[in-house]
Amino acid sequence: MANEIEAEYQRAADILNKAGGFPYPITPTILDILKFNIKEENLDLVMAFKKNISQTMEQLKESSGLSEGEILKKVDALAKRGVLFNQPNSQGIMIYRLLPIARQFEYTFMKKLDKTGENNQLAKLFHEFNEEIRDLVQSNYERFKSSVIGLPPIDRTVPILENQETGEELEVPIEQFLPTQRIKELIEKYDDIAVGYCYCRQHNEFLGNPCKQIELTPSCFTLGKSARHTSNHGFSTLVSKEEALKILKKCEEAGLVHKAYHLHGDTSKEEVAVCNCCSCCCLTARESLIFPVVNATHYLSFIDQDLCVGCGTCVEKCYNKAIELNDNNKAERIEELCVGCGVCAYFCPENAISLIEGPRLVKIFPQKKK
């Protein structure tokens, strides 16, 4: 019996891997995570997504053999664990979509968690999961490094476009392109905005490594349909645009970087989330990176060597450690690492840093272990 159940979870993992994202190797750690999030009585609904990861109720009834009442009960249980997404499409038809395995990590640690034995165990399992992937990448480093060629960006930088000292907006080219480059304008686009905890920071808090830049507080946003989904299932709380902007300002003061996430990872489509990333916890930052990632940005920092006094503020604040002091004690930016976030320009006391237009993709690699 135990072997049969183990095999069922193995099949469930295979199906979840088809839902998008990286196809993770199925390890005992992943299976233990799935056992936390998918109760045995709900495995049958996961199996119903074997041929089609996105279905209507009528399709689910046919593929699962379950009644509508049974399906709705299981959907609610799975959605609350980050396994399923249930929201109506543009025609108002409810769609049930299986989510990639990584969403279980994101949604679990997006809501405020008490440090119970179960949550501590789940945090350790996700840590083990991350370390397994880190080892996999390190042991196949060149293959993973070459895989970023042609890879779409995982996120898009939304820059800070002012200086903290003067309050003046940075001089940047007139925008002739979409998507939205100003965080306030991005927030103004959406009627439904929800805020939750940064899953990276909360996970690190469980591991005894609290963020060095900001206290654990709701700071990352879901937008539109995603906001409705995450708030419906207790992962986040709906907030007004004014409340969202206050939180974003607090994030800027802490030196966090605004990162927009788009529907299906396509930056030409609408935004579905905004994360405010630190350099010490967030899994897309160079210091914490597991996978090679690609970031889309429209800006590049520019340091005026005549105005720079070598105070080192930008070196300290840089999200990707892309700034160093040269032999003349002047700040120099490493172009291939700069995501154009504007944090350095925001904090520069001499107003010596500006942003120049540079639509490009930034490929960032985890440091190779020796």
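Structure shown above.
Residues numbered from 1 in each chain as written. Predicted model: local features only at pLDDT ≥ 70, side-chain atom pairs only at ≥ 80, totals over all residues. Heavy atoms only, no water.

Re the overall build of the chain
Move 1: Within the chain, the regular secondary structure consists of 14 helices and 13 strands.
Move 2: Radius of gyration (C-alpha) of the chain: 22 Å, near the 21 Å computed for a compact globule of 370 residues.
Move 3: Reported as C-alpha extents along the three principal axes, the dimensions of the chain are approximately 70 × 50 × 40 Å.
Move 4: For the chain, with 370 residues in total, the buried portion stands at 51%.
Move 5: The contacts in the chain between residues at least 6 apart in sequence include a share of 72% that link residues at least 24 apart.
Move 6: As presented, the chain carries roughly 17400 Å² of accessible surface, and 50% of it is formed by carbon and sulfur atoms. (Helix = DSSP H or I, 4+ residues; strand = E, 2+ residues; numbered from the N terminus. Rg over C-alpha atoms; globule rule 2.2 N^0.38 Å. Buried < 20%, exposed > 50% of the residue type's maximum accessible area, 1.4 Å probe, protein only. Contact = heavy atoms within 4.5 Å. Areas by Shrake-Rupley, 256 points an atom, 1.4 Å probe, with all protein chains shown as cover.)

Some thoughts on the packing of aromatic side chains
Move 1: Summed over the entire model, instances satisfying the criterion amount to twelve aromatic pairs.
Move 2: Here the aromatic rings of Phe22 and Tyr24 are separated by 5.2 Å at their centres, their planes lie at 70°, and the arrangement is edge-to-face.
Move 3: When the ring of Tyr24 is compared with that of Phe129, the centres are 4.9 Å apart and the planes differ by 65°; the resulting orientation is edge-to-face. Of this pair, Tyr24 sits in the loop between helix H1 (2-17) and helix H2 (28-37) while Phe129 sits in helix H7 (residues 117-139), and the two are 105 residues apart along the sequence. Phe129 matches Tyr24 in its accessibility class, with the two residues each being buried.
Move 4: Clustering of aromatic rings is evident, with ring pairs tying together Phe22, Tyr24, Phe129, Phe144 and Phe291.
Move 5: Here the guanidinium or amino end of Arg97 rests over the ring plane of Phe85, the centre of that ring lying 4.9 Å away. (Phe/Tyr/Trp six-rings, centres within 6.5 Å; stacked < 30°, edge-to-face > 60°. Lys NZ or Arg CZ within 6 Å of the ring centre and 35° of its normal.)

Quick notes on the sheet that holds strand S1 (residues 54-55)
Move 1: Across the sheet, three strands lie side by side as S1-S3-S2; this open sheet has antiparallel pairing. Edge positions in the open sheet fall to S1 and strand S2 (84-88), since each of these has one partner strand only.
Move 2: Relative to strand S3 (residues 94-98), S1 runs antiparallel, the two being bridged by two bridges. The residue bridging Ser54 from the neighbouring strand is Arg97, located in S3.
Move 3: Running over the sheet, helix H5 (residues 68-79) touches S2 and S3 and is turned about 115° from S2. (Pairing = 2+ DSSP bridges. Axes fitted to C-alpha atoms, helices over the stretch in contact; angles between N-to-C directions.)

Some words on the pairing of strand S9 (residues 271-277)
Move 1: Of all seven residues making up S9, seven are buried, and the element is well covered by its neighbours.
Move 2: Judged from the two bridges that link them, strand S6 (residues 218-223) and S9 form a sheet pairing that is antiparallel. Looking across to S9, one finds that Phe221 is bridged to Val274.
Move 3: Pairing analysis gives six bridges linking strand S8 (residues 257-262) to S9, with the strands arranged antiparallel. Opposite Val257, over in S9, you have Cys277 as the bridge partner.

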